[in-house]
Amino acid sequence: MSVFSLRDFADHEQVVFVSDDASGLKAIIAVHNSNLGPALGGCRMWPYASEEEAIHDVLRLSRGMTYKSALAGLKLGGGKSVIIGNPRTDKSPALLDAFARALNNLNGRYIAAEDSGTSVADMKYLAERTAHVAGIVDKPTDGGGTRSGDPSPATALGTFVGIKAAVKAQLGRDSLDGVRVAVQGVGNVGFDLAQQLHAAGAKLWVTDIHQDNLSRAEAELGAVVVAPDAIYAQDVDVFAPCALGAVINDQTIPQLKARIVAGASNNQLAEARHGSELMRRGILYAPDYVINAGGIIDVYYERTGFDRAALLAHVEGIYGTLLEIFERASTEQRPTGEVADALAEARFKR
Ligand code: NAD
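Remember, it's a predicted structure, so these values are computed and weren't measured experimentally.

A.B. asks: How should I be thinking about the packing of aromatic side chains in this particular structure?
C.D. replies: For any pair of aromatic rings, geometry is given as the distance between the ring centres together with the angle between the planes. The tally for this structure, following the rule as stated, stands at five aromatic pairs. Look at Tyr67 and Phe348: their rings are 5.0 Å apart centre to centre, the planes differ by 75°, and that puts the pair in the edge-to-face class. One end of the pair, Tyr67, is in helix α1 (residues 51-71); the other, Phe348, is in helix α12 (residues 336-348), with 281 residues separating them in the sequence. As far as burial versus exposure is concerned, Tyr67 and Phe348 are alike and both buried. When the ring centre of Tyr125 is taken as origin, the NZ or CZ atom of Arg129, which lies over that ring, is 3.7 Å away. Positioned above the aromatic ring of Phe191 is the side chain of Arg216, whose terminal nitrogen or guanidinium carbon lies 3.7 Å from the ring centre.

The following block contains the structure:
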C-alpha cells in the first residue's frame with residue numbers, strides 16, 4: 001500500500017513502525033507536527049482487522065491532536081500511537097517494555113498517554129522505563145483527596161463552559177437556568193458534565209447503554225431517561241454527544257430539534273460536510289476538538305508543574321475560544337469546524 005499519498009498522511013513529520021518479535025509488539029507511532037512542541041497523544045491498543053486500518057487510525061488521530069493542542073494554546077505538537085493487538089489478551093509486561101524502548105528511541109519527540117485499550121496503570125508502568133509518558137500524576141481534588149491521571153474532570157469542565165458559550169452565542173443567554181440539554185452517554189465525562197449542568201439549573205435528558213449509569217443520573221440529577229435511538233429527537237436546546245464518534249450524520253441530523261450541538265465526544269461529524277449541513281439548518285456546532293480540549297490541557301499542566309488554579313483558568317478559556325470561532329463563523333458564513341481548523345493552522349503552520 002502507499003503511505004505518503006494517503007489523504008490522512010497530511011504532512012506527517014515522522015511515522016515509525018515498531019516490531020519486537022520476543023514480546024509480539026507491533027506498533028505505529030505517528031508524529032504529525034512538532035512546530036509548537038513535542039507531539040503528545042494517546043496510545044491506543046486495538047485488535048485492528050488490518051494493518052491499513054491501524055495506519056489510517058493513527059494518522060487521522062495524530063493529525064487531530066496537532067489541531068487540538070494548537071487551538072488550546074499549548075506548547076505541544078500532535079502525535080498518536082497504536083499497538084495492534086487485543087488489550088485483554090495480548091498485553092504483557094514484555095510488550096510494554098518493548099513499547100517503552102520505542103518511546104526512548106524517539107527521545108521525547110512523542111509523548112504517550114492513556115487511550116482506548118490502555119490504562120493509567122499501563123502509563124505508570126511505562127513511566128518507570130521512560131520519561132516520555134503523560135497522564136500519570138495523582139492530583140489534588142477539591143475535597144482534599146487525590147485523583148489519578150484521569151483527565152475526565154477537566155474535559156467535563158471544558159465541555160460545560162463550551163456549552164455556556166454556545167448558549168450565549170445561539171440563544172443570547174448568560175445563564176443555563178432552564179436550558180434543556182440531552183446528554184448522550186453518562187460515563188466519566190458525561191455524568192460529570194450532567195452534574196455541572198444540573199447545578200447550573202439546566203433540565204436533563206440522558207441516554208446510555210448501561211442501566212446503572214442511567215439510574216444514577218435519574219436518581220441524583222432528576223434526568224429524564226430515554227432510549228439510545230431516541231436521544232436525537234428530544235425537544236431540547238442542546239444535544240451533547242458524550243459517548244461515540246460519527247453521531248452527526250445523514251440519519252441523525254434530520255431528527256435534531258436542538259439548536260446547538262456541543263459535547264465531549266471525539267470526531268462527532270461523520271464527514272466534514274455534516275458541519276455544513278448543521279450550519280444550513282441553523283444549528284450551532286461547537287467543534288469537538290475545541291470543546292473537549294480540557295483533557296489535553298490537564299495532561300499538559302501535569303508536565304509543566306501542576307498548578308490547579310492555572311489549569312482551571314486555562315480550561316475555562318475554552319469559553320472565549322469558542323465565542324471567537326462562533327463570531328467568525330457567523331461573519332464569514334462558514335461552518336464552525338472550518339473556522340477552527342483555519343485558526344489552528346495559523347498557529348502551528350510555519
Ligand atoms: P466513557 O466510556 O466513560 O463514557 C461513555 C459512555 O457512553 C458510557 O457510559 C457508555 O456506556 C455510553 N455509551 C456507549 N455507547 C452508547 C450508545 N450507543 N448510546 C448511548 N450511550 C452509549 O468515556 P468518557 O471518558 O466519558 O468519554 C466520552 C467521550 O468523550 C468519548 O468519545 C471520548 O473519546 C471523548 N473524550 C474523552 C476525554 C476524557 O478526558 N475522558 C477527552 C476528550 C474526549
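A.B. asks: What's the story with helix α2 (residues 93-105) in this structure? I'm lost.
C.D. replies: Spacing of three or four residues puts side chains on the same side of an α-helix, whose turn is 3.6 residues. Over its 13 residues, α2 extends 18 Å from the first C-alpha to the last, a length consistent with the 18 Å expected when each residue adds 1.5 Å. Among all positions in α2, only Leu95, Leu96, Ala98, Phe99, Ala100, Ala102 and Leu103 are buried. For α2, the elements touching its buried residues are β1 (14-20), β2 (25-33), β3 (39-46), β4 (77-84), β5 (110-113) and α3 (120-127). With its phi angle positive at about 60°, Asn107 sits one or two positions after the end of α2.

A.B. asks: Would you mind going over the UniProt feature "active site" (unreviewed entry) in the protein chain with me for this structure?
C.D. replies: UniProt feature "active site" (unreviewed entry): in the numbering of this structure it lies at Lys80. Within the secondary structure layout, Lys80 lies in strand β4. Apart from residues lying up to four places away in sequence, Lys80 is in contact with Ile28, Ile29, Ala30, Gly41, Gly42, Val58, Leu61, Ser62, Met65, Tyr110 and Asp115.

A.B. asks: Quick question: what am I supposed to make of unusual backbone geometry here?
C.D. replies: Among all residues save glycine, negative phi is the norm, and among peptide bonds the norm is trans. For Asn107, which is not glycine, the phi dihedral falls at a positive 60°. Note on Asn107: relative accessible area 66%, which makes it exposed.

A.B. asks: Explain the site of the ligand here, please?
C.D. replies: Around the ligand lies a shell of 20 residues, among which Thr155, Asn188, Val189, Asp208 and Asn213 are the nearest. Taking Val189, its main chain carries an N or O atom lying 2.8 Å from an oxygen atom of the ligand. Between the ligand and Asn266, the relevant distance is 3.0 Å, taken from an oxygen atom to a side-chain nitrogen or oxygen of the residue. Compared with its free state, where it exposes 820 Å², the ligand has 75% of that area covered by protein. Taken together, the elements giving at least two residues each to the shell around the ligand come down to α4 (152-171) and α5 (188-199).

A.B. asks: I tried to follow the UniProt feature "binding site: NAD(+)" (unreviewed entry) in the protein chain on my own but got confused; where do I start?
C.D. replies: As annotated by UniProt and renumbered to match this structure, "binding site: NAD(+)" (unreviewed entry) occupies Gly185, Val186, Gly187, Asn188, Val189 and Gly190. Take Gly185: it is sitting in the loop between β8 (180-184) and α5. By relative accessible area, which is 7% here, Gly185 ends up buried. In this structure Gly185 touches Gly190, Thr207, Asp208, Cys242 and Ala243, once residues within four positions along its chain are discounted. Mapped onto the secondary structure, Val186 falls in the loop between β8 and α5.

Conventions adopted
Residues numbered from 1 in each chain as written. Predicted model: local features only at pLDDT ≥ 70, side-chain atom pairs only at ≥ 80, totals over all residues. Heavy atoms only, no water. Phe/Tyr/Trp six-rings, centres within 6.5 Å; stacked < 30°, edge-to-face > 60°. Helix = DSSP H or I, 4+ residues; strand = E, 2+ residues; numbered from the N terminus. Buried < 20%, exposed > 50% of the residue type's maximum accessible area, 1.4 Å probe, protein only. Lys NZ or Arg CZ within 6 Å of the ring centre and 35° of its normal. Expected span 1.5 Å × (residues − 1). Contact = heavy atoms within 4.5 Å. UniProt positions renumbered as here; feature names shortened; annotations may be inferred. Near = heavy atom within 4 Å. Polar contact = N/O pair within 3.5 Å; in protein donor to acceptor, adjacent residues only side chain to side chain. Areas by Shrake-Rupley, 256 points an atom, 1.4 Å probe, with all protein chains shown as cover.

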